[in-house]
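Close look at the chain arrangement
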Amino acid sequence: MVSNIWARVYEHRRVLLIVGGAISLYIALCVYQINAASIWFDEAYSAWIIDLNPLRILSATAADVHPPLYYLLLQVWSFFAGSSETALRFLSTLFGAVTVGLTYIIARKFIGVKYAVFIPYVVALSPMLVRYGREARSGWERRSERVNLNALQRLRDRRAGSAPEERRQGQR
């Protein structure tokens, strides 16, 4: 009984270290050259809108395609982290890091712990996720959702032993 508990604790610690390593890798890739590109229009808009009060943010984004939640979170974030380019961009890095961790949880449900520990590294090395993790703009939630859905589709394909082309041909 006691050895079973210690085995579970050891397994959880091992998984935390592996997933934590993937998250650390992702953060390092995002922080590296986070300010290589100058601020552009969408990021400047994000920096401008967080200076408004929350009610003004809600009214300013009412006709916008991006929901106001990101701007409200960015406003709270900038209160604690500051409003420099790096600080504003780092919030997206944190959301990407959460995506890397959630990917493990999703993959574990589909393919089990044995293989799921590799998936966060695949996602952490995704050029798209790293690129958007360096930008202070809304839309991270849709991009990270796409990364997760794409990874899950590939996992399902491998588990089923079929490639996407084979599936499409079978549907004709």
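Computed from a prediction, not measured in an experiment: that's the story for all the values here.

**Here's the deal with the pattern of salt bridges**
By the definition in use, this model includes 5 salt bridges. Of the charged contacts in the structure, one is a salt bridge between Glu-43 and Arg-89, with a shortest N-O distance of 2.8 Å. Separated by 46 residues along the polypeptide, Glu-43 in helix H2 (residues 41-49) and Arg-89 in helix H5 (residues 85-111) bring together distant segments of the chain.

**A look at the confidence of the model for the protein chain**
Across the protein chain, pLDDT averages 81, with 80% of residues at or above 70. When pLDDT is averaged over each helix and strand of the protein chain, the minimum, 50, is found for helix H10 (residues 164-171) and the maximum, 92, for helix H7 (residues 119-124).

**Examining the side chain of Ser-78**
Position of Ser-78 among the secondary structure elements: in helix H4 (residues 69-81). Since its relative accessible area comes to 15%, Ser-78 is described here as buried. Polar contacts involving the side chain of Ser-78 include one to the main-chain carbonyl oxygen of Gln-75, which spans 2.9 Å. Beyond its immediate sequence surroundings of up to four residues, Ser-78 is in contact with Ile-50, Ser-83 and Leu-88.

**Things to note about unusual backbone geometry**
In the Ramachandran plot, Gln-33 falls in the positive-phi region, its phi being about 60° despite a non-glycine side chain. What makes Gln-33 partly exposed here is its relative accessible area of 45%.

**Thoughts on the packing of aromatic side chains**
With the rule as written, the count across this model stands at 5 aromatic pairs. Measuring from ring centre to ring centre gives 5.8 Å for Tyr-45 and Tyr-71, while their planes differ by 85°; the resulting arrangement is edge-to-face. Taken as a pair, Tyr-45 in helix H2 and Tyr-71 in helix H4 lie far apart in primary sequence, 26 residues in all. Judged by centre distance (5.7 Å) and plane angle (70°), the rings of Tyr-70 and Tyr-71 are edge-to-face. What makes Tyr-70 buried here is its relative accessible area of 2%. Owing to a relative accessible area of 2%, Tyr-71 belongs among the buried residues under this scheme. Through successive ring pairs, a cluster of aromatic residues spans Tyr-45, Trp-48, Tyr-70 and Tyr-71.

Cut-offs applied
- Residues numbered from 1 in each chain as written.
- Predicted model: local features only at pLDDT ≥ 70, side-chain atom pairs only at ≥ 80, totals over all residues.
- Heavy atoms only, no water.
- Salt bridge = Lys/Arg side-chain N within 4 Å of Asp/Glu carboxyl O.
- Helix = DSSP H or I, 4+ residues; strand = E, 2+ residues; numbered from the N terminus.
- pLDDT = per-residue confidence, 0-100.
- Buried < 20%, exposed > 50% of the residue type's maximum accessible area, 1.4 Å probe, protein only.
- Polar contact = N/O pair within 3.5 Å; in protein donor to acceptor, adjacent residues only side chain to side chain.
- Contact = heavy atoms within 4.5 Å.
- Phe/Tyr/Trp six-rings, centres within 6.5 Å; stacked < 30°, edge-to-face > 60°.

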